[in-house]
Amino acid sequence: MSPPIAPPGWSRWLVPPAALSVHLSIGQAYAWSVFKPSLESALDLSGTQSALPFQLGIVMLGLSAAFGGTLVERNGPRWAMTVALCCFSSGFLISALGAAISQYWLIVLGYGFVGGIGLGIGYISPVSTLIKWFPDRPGMATGIAIMGFGGGALIASPWSAQMLESFGSDNSGIAAAFLVHGLTYAVFMSLGVLLVRVPRSDKPAVSGGPGPLDGVQVSARNAVRTPQFWCLWIVLCMNVTAGIGILEKAAPMITDFFADTSTPVSVSAAAGFVALLSAANMAGRIGWSSTSDLIGRKNIYRVYLGAGALMYALIAWLGDSSKPLFIVCALVILSFYGGGFATIPAYLKDLFGTYQVGAIHGRLLTAWSTAGVLGPLIVNWIADRQEEAGKSGASLYGLSLMIMIGLLVVGFVANELVRPVDARHHIPAPREAADVQQRQQSA
């Protein structure tokens, strides 16, 4: 499928809705927990078993983004969105069959493996296209799309819960809910496939602005050989590890922090706290990434990592003395978590250009896969060891919070080491222009 070239007069503001149609759909992954109780009851699963489709999906997200990034760049956003649509929707349909015939391995295969490929390809599918359309505001453009991934669960969670209530939480009810998900997301994601266009390479996307091929351009193969790429890998990994450390254990953490006080936190209040964190995560993706267009990518990561370390220090030393302080600090950390995801594509564009920024972004997302294991492991393992040692309340988390501060400091130092890419890694402009022109002529 050839990349669709925008005709004269095509509005670039049609591209963000195309990206959102994909990201709001695949953002359903964050609502998987809605299905866990029903699956555990209907198929006699443990909590660990019921989490397997989600865990495999996140692993496949990172792997498919890393290995499929070059294909996305070569074939264009319409091809990538079509692949994402087919894989993500098929994953639900396979899962529906698995639920209907009580074969859990089909749910793992469908949602985790097949659907996870759709997650990864869908996540990176609009990135380079948005950056090329919005060279003047790349942070805002990618923030809009990646905000959709963070906010997809806000739609999917109540919708999924309502379907399970209507269809029932037995095998047939779960199968029906999966089937509706698969068909509905196929229709919704097809809007992105139909709307998306790439700008012409022979004229700027913005009148009077830079052309898509202006400035430094580095291939994905050369990018991974630069220290800048690995500095950003560390930056993203440390920032995500710090954020996901709170996100994954938010409800029990706030409950434990105030369990020994005169104002303990109820279950419903803890659930409300989790919802607030999700909203902060979503708002940070568009708010902080847009701010990066004004103050620069390096400066915004100084805020994420430096101020993030300060927030963790306040929680560690004063968090159990004030609920408002604990909540505000946690919300700020989660806004930095979301902002880090949304800003990193624009940071890559600044350093490596737009030539293969989607493929470079895909390779960098392996930092997310690493952080997804590292963050929860640090918080949970240390909390378990502290509990075995007879500790309780806020003392369960003191050591892990100190570790998070240390990781953010490491990320801060890595960000300071980022410098412009050496000219020996650049692609000669004539070669690059000829490559892009050849692709467009074959369209």
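The structure this text deals with has already been given above.
Remember, predicted model here, so these are calculated numbers, not experimental data. (Residues numbered from 1 in each chain as written. Predicted model: local features only at pLDDT ≥ 70, side-chain atom pairs only at ≥ 80, totals over all residues. Heavy atoms only, no water.)

## With respect to the overall build of the chain
Phase 1 of the analysis: For the chain, the count of helices and strands is 19 helices and 0 strands.
Phase 2 of the analysis: For a compact globule of 443 residues, the expected C-alpha radius of gyration is about 22 Å, and the chain comes in at 22 Å, within 12% of that figure.
Phase 3 of the analysis: By principal-axis analysis of the C-alpha atoms, the chain measures approximately 70 × 50 × 35 Å.
Phase 4 of the analysis: Here the chain, with 443 residues, has 54% of them falling under the buried criterion.
Phase 5 of the analysis: Across the chain, the fraction of contacts at a sequence separation of at least 24, relative to all contacts at a separation of at least 6, is 83%.
Phase 6 of the analysis: Only carbon and sulfur atoms are counted for the fraction: they give 66% of the accessible area of the chain, which is about 17,200 Å².
Phase 7 of the analysis: Across the chain, 25 positive and 21 negative side-chain charges occur, with their mean positions spaced 13 Å apart. (Helix = DSSP H or I, 4+ residues; strand = E, 2+ residues; numbered from the N terminus. Rg over C-alpha atoms; globule rule 2.2 N^0.38 Å. Buried < 20%, exposed > 50% of the residue type's maximum accessible area, 1.4 Å probe, protein only. Contact = heavy atoms within 4.5 Å. Areas by Shrake-Rupley, 256 points an atom, 1.4 Å probe, with all protein chains shown as cover. Lys, Arg positive; Asp, Glu negative; His and termini not counted. Charge placed at Lys NZ, Arg CZ, Asp CG, Glu CD.)

## Here we look at helix α1 (residues 15-26)
Phase 1 of the analysis: Here α1 is 12 residues long and its end C-alpha atoms lie 17 Å apart, about the 16 Å a rise of 1.5 Å per residue gives.
Phase 2 of the analysis: Summarising burial for α1: 9 of the 12 residues are buried, a large majority.
Phase 3 of the analysis: The complete set of buried residues in α1 reads Val15, Pro16, Ala18, Ala19, Ser21, Val22, His23, Ser25 and Ile26.
Phase 4 of the analysis: Residues of α1 that are buried in the fold lie against α5 (77-100), α6 (104-124), α7 (127-133), α8 (138-167) and α9 (171-195). (Expected span 1.5 Å × (residues − 1).)

## A word on the nonpolar core
Phase 1 of the analysis: Core analysis: the biggest nonpolar cluster contains 116 residues, and Tyr123, Phe178, Ile246, Phe257, Tyr312 and Phe352 have the highest contact counts within it.
Phase 2 of the analysis: It is helix α15 (residues 323-352) that provides the largest number of residues to this core, a total of 14 residues.
Phase 3 of the analysis: Both domains that furnish three or more residues to this core are identified here as domain 1 (12-195) and domain 2 (220-421).
Phase 4 of the analysis: If near-sequence neighbours (up to four positions away) are discounted, Ile246 is found in contact with Met253, Leu277, Tyr312, Ile315, Ala330, Ile333 and Leu334. (Core = buried A, V, L, I, M, F, W, Y, C linked by side-chain atoms within 4.5 Å. Domains from an automatic or database assignment.)

## Concerning the pattern of salt bridges
Working definition: two side chains of opposite charge can pair if their charged atoms are close together.
Phase 1 of the analysis: One pass over the structure, following the stated rule, counts 8 salt bridges.
Phase 2 of the analysis: Residue Asp136 is joined to Arg12 by a salt bridge in which the shortest nitrogen-to-oxygen separation is 3.0 Å. Of this pair, Asp136 sits in the loop between α7 and α8 while Arg12 sits in the segment before α1, and the two are 124 residues apart along the sequence.
Phase 3 of the analysis: Residues participating in the shared-partner salt-bridge network are Arg12, Asp136 and Arg137. (Salt bridge = Lys/Arg side-chain N within 4 Å of Asp/Glu carboxyl O.)

## Looking at the side chain of Gln228
Phase 1 of the analysis: Take Gln228: it is sitting in helix α11 (residues 227-247).
Phase 2 of the analysis: Exposure remark for Gln228: the relative accessible area of 7% places this residue in the buried category.

## Brief notes about the packing of α1 against α6
Phase 1 of the analysis: In the contact formed by α1 and α6, the axes pass within 9 Å of each other and the chain directions differ by 150°. It follows from the interaxial angle that α1 and α6 lie roughly antiparallel. Crossing of α1 over α6 shows left-handed handedness. Judged by residue contacts, Val22, His23 and Ile26 of α1 engage Gly118, Leu119, Gly122 and Tyr123 from α6.
Phase 2 of the analysis: Its residues assigned to classes, the contact of α1 with α6 comprises 4 nonpolar, 3 polar and no charged. (Axes fitted to C-alpha atoms, helices over the stretch in contact; angles between N-to-C directions. Parallel < 35°, antiparallel > 145°, perpendicular 65-115°, else oblique. Left-handed = near helix turned anticlockwise from the far one by under 90°. Nonpolar A, V, L, I, M, F, W, Y, C, P; charged D, E, K, R; others polar.)

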